[in-house]
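# Structure assessment
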Amino acid sequence: MNGSAASPLVRFSNVSKSYDGRTRVVCDLDLDIARGEFLTLLGPSGSGKTTTLMMLAGFEAPTVGTILLDGKDITHLPPHKRGIGVVFQNYALFPHMSVADNVAYPLKVRGVEAADIKKRVDAALDMVKLGGFGTRRPAQLSGGQQQRVAFARALVFEPELVLLDEPLGALDKQLRERMQDELKQLHRRIGVTMVYVTHDQSEALTMSDRVAVFNEGRIQQLAPPGLLYEAPESLFVAEFVGENNRLEGNVVGEEPGGLRIRLVDGTTLLSGARQGLAVGTPVVVSIRPERIEIDGADTPNRLPAVVDRTIFHGDSMRIVLRLASGTELVVKLPNARSARIAANGTGVQACFGAADCRIFPKQVS
């Protein structure tokens, strides 16, 4: 989905936010959000993702810049006049109201007629698989059910845009994963534009059409999940999104298959080419654990290593290898292949291709 289409639903133009007049928590943000897309704002705490969402919701005002919704300037419009649905991590349900009254609340404040309210509340509860729960109080529901009520309340007045601020963060792992799937299916059914904030990279990759990775108030990369994972544009993105092995060295030459890198222990490897890196440049090589084979065949890179330990993860096994330099390499194998794992202390070869390496200039402090 292309967020730079001629007529985006949301447009941030040169938006910055500072709370103290000195430090900017969001810096020069330009971002288009396409109609109907599921966009995730991903980043560590303090990266600016939640502040961006709160500015879009109207709970924070930009220090500079403009925010457009469907072509209209909403930069200083109060939240209740924006017509945006919002779902928070803590659900924000009224404990003294029934489920139906909680869902009906946005309709009542908009002056919708009572007969229409009941129809729309029933439809919204059916949409989130809570038909028949309308008379219950929030305290009588599980965490997942309460979150569904919050979704229904955000969707009942049929907004064009729904904002979700870490809405699954309070749920246990199994329920969170089920709710991720349900929310994505809901998005596909109704086609509403959703902007989702999380610090969980697995959640972002699972649910999104595109992911904007934030760090220090700026978007480091904006891309579909597959491209973000397979072709990170910076070391920060490579290390923040997904598991990652890190090897340090220097460029020592260029070959037809890529760049030759000498690691700190003197061994060399062939990395996928990256323009603009001259001989002698200090670099960091990034390799995903699932790209490494132990004692594999026909790979240009074969680093001598010793099996240090294995870690059982249910559906997979992680094997930690130790190179001569002391650097650890993590290899991820499906459990179906784990019977071939060598014993701890066994000498092996860590094997991977040049295209499995991502190379980035090392930031020298």
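Our subject is the structure that appears above.
Rules of the game
- Residues numbered from 1 in each chain as written.
- Predicted model: local features only at pLDDT ≥ 70, side-chain atom pairs only at ≥ 80, totals over all residues.
- Heavy atoms only, no water.
- Buried < 20%, exposed > 50% of the residue type's maximum accessible area, 1.4 Å probe, protein only.
- Helix = DSSP H or I, 4+ residues; strand = E, 2+ residues; numbered from the N terminus.
- Contact = heavy atoms within 4.5 Å.
- Phe/Tyr/Trp six-rings, centres within 6.5 Å; stacked < 30°, edge-to-face > 60°.
- Lys NZ or Arg CZ within 6 Å of the ring centre and 35° of its normal.
- Core = buried A, V, L, I, M, F, W, Y, C linked by side-chain atoms within 4.5 Å.
- Salt bridge = Lys/Arg side-chain N within 4 Å of Asp/Glu carboxyl O.

Once that is clear, we can look at helix α2 (residues 99-109). Buried within α2 we find Val99, Asn102, Val103, Ala104, Pro106 and Leu107. Buried residues in α2 make contact with α3 (114-127) and α4 (143-155). Downstream of α2 by one or two residues, Gly111 has phi in the positive range, about 75°.

To continue, consider the packing of aromatic side chains. Applying the stated criterion across every chain, the model contains 4 aromatic pairs. Summarising the aromatic geometry, the rings of Phe38 and Tyr196 are spaced 5.6 Å apart at their centres and angled 35° between planes, so their arrangement reads as tilted. A residue pair is termed long-range when its members are at least 10 positions apart, and Phe38 in strand β3 (residues 38-42) and Tyr196 in strand β8 (residues 193-198) qualify at 158 residues. With a relative accessible area of 0%, Phe38 lands in the buried category. Consider the rings of Phe59 and Phe88, whose centres lie 6.1 Å apart with planes at 40°: the pair is tilted. Placement of Phe59 in the loop between α1 (49-57) and β4 (64-69) and of Phe88 in strand β6 (residues 84-88) is noted, with a sequence separation of 29 residues between them. The ring of Phe157 has Arg110 sitting right over it, with the charged end atom 3.9 Å from the ring centre. When the ring centre of Tyr229 is taken as reference, the NZ or CZ atom of Arg288 above it lies at 4.0 Å.

This next bit is on the nonpolar core. In terms of nonpolar packing, the biggest core is built from 36 residues, with Val103, Phe151, Val162, Leu164 and Leu183 touching the most fellow members. With 6 residues, the single largest contributor to this core is α4. Not counting residues up to four positions away in its chain, the partners in contact with Val162 are Gly85, Val87, Ala154, Leu155, Val192, Thr193, Met194 and Val195. Formed by 27 residues, the second largest nonpolar core is a distinct cluster that contains Ile292, Ala305, Val307 and Leu333.

As a further point, take the pattern of salt bridges. For side chains bearing opposite charge, pairing can occur when the charged atoms are close. Taken as a whole, this structure holds 24 salt bridges when the rule is applied. What you see here is one network of salt bridges that share partners, running through Glu239, Arg246, Glu248 and Lys362.

Burial within α1 is extensive, with 8 of its 9 residues counted as buried. Three or more residues of α1 are buried, namely Lys49, Thr51, Thr52, Leu53, Met54, Met55, Leu56 and Ala57. Gly58 sits one or two positions beyond α1 and adopts a positive phi of about 100°.

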